[in-house]
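Here are the chains, one letter per residue:
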Amino acid sequence: MNQSFLSSADAQLDLRGTPCPINFVRTKLRLEKMTPGSLLEVWLDPGEPIEQVPDSLTMAGYQIEQIEERDGFFALQVRHPVK
């Protein structure tokens, strides 16, 4: 049932177990390597990671498309802006 959701992202980054702010830095570095308009799915832990990373990405100019709660983690979809 989640197949279409999983395949809609252009790339995936599993940052479960990665503390703040390293998870934000790794997400931002990965997004900078992607082409404008592409979609990155990031897996984040509950608590500080899912509370901090989306806000930090928004402030950095990235567009949060979706946050989905999964089994013990969150899947964050963030789009590289087209300038």
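Residues numbered from 1 in each chain as written. Predicted model: local features only at pLDDT ≥ 70, side-chain atom pairs only at ≥ 80, totals over all residues. Heavy atoms only, no water.

## Notes on the packing of helix α2 (residues 22-33) against helix α3 (residues 48-59)
Taken N-terminus to C-terminus, the directions of α2 and α3 make an angle of 40°; their axes are 10 Å apart at the nearest point. It follows from the interaxial angle that α2 and α3 lie oblique. In this structure, α2 meets α3 at a crossing whose hand is right-handed. Facing N23, F24, T27 and L31 of α2, the residues of α3 in contact are P49, V53, S56 and L57. In the contact of α2 with α3, the residues fall into five nonpolar, three polar and no charged. (Axes fitted to C-alpha atoms, helices over the stretch in contact; angles between N-to-C directions. Helix = DSSP H or I, 4+ residues; strand = E, 2+ residues; numbered from the N terminus. Parallel < 35°, antiparallel > 145°, perpendicular 65-115°, else oblique. Left-handed = near helix turned anticlockwise from the far one by under 90°. Contact = heavy atoms within 4.5 Å. Nonpolar A, V, L, I, M, F, W, Y, C, P; charged D, E, K, R; others polar.)

## Looking at the pairing of strand β1 (residues 11-14)
The two faces of the sheet receive side chains in turn, since in a regular strand these alternate between them. Of the two faces of β1, the one lined by A11 and L13 is fully buried and the one lined by Q12 and D14 carries no buried residue. As defined by bridge partners, β1 adjoins strand β2 (residues 39-44) across four bridges and the pair is classed as parallel. The partner of A11 across the bridge, within β2, is L40. A crossover links β1 with its parallel partner β2, the connecting element being α2, and its sense is right-handed. (Buried < 20%, exposed > 50% of the residue type's maximum accessible area, 1.4 Å probe, protein only. Pairing = 2+ DSSP bridges. Right-handed = clockwise from strand over helix to strand, strands pointing away.)

## Here we look at the packing of aromatic side chains
By the definition in use, this model includes one aromatic pair. Positioned over the ring face of F73 is R16, at 4.6 Å from the centre of the ring. (Phe/Tyr/Trp six-rings, centres within 6.5 Å; stacked < 30°, edge-to-face > 60°. Lys NZ or Arg CZ within 6 Å of the ring centre and 35° of its normal.)

## Observations concerning the sheet that holds strand β3 (residues 63-69)
In sheet architecture, strand pairing relies on hydrogen bonds along the backbone and comes in two forms, parallel and antiparallel. The sheet built from four strands is open, its strands ordered β1-β2-β4-β3 with mixed pairing. In this open sheet, the two strands that pair with only one neighbour each are β1 and β3. Averaged over all pairs of adjacent strands, the angle between their axes in this sheet comes to 20°, without regard to strand direction. On the sheet, α2 packs against β1, β2 and β4 (74-79) and is oriented at approximately 165° with respect to β2.

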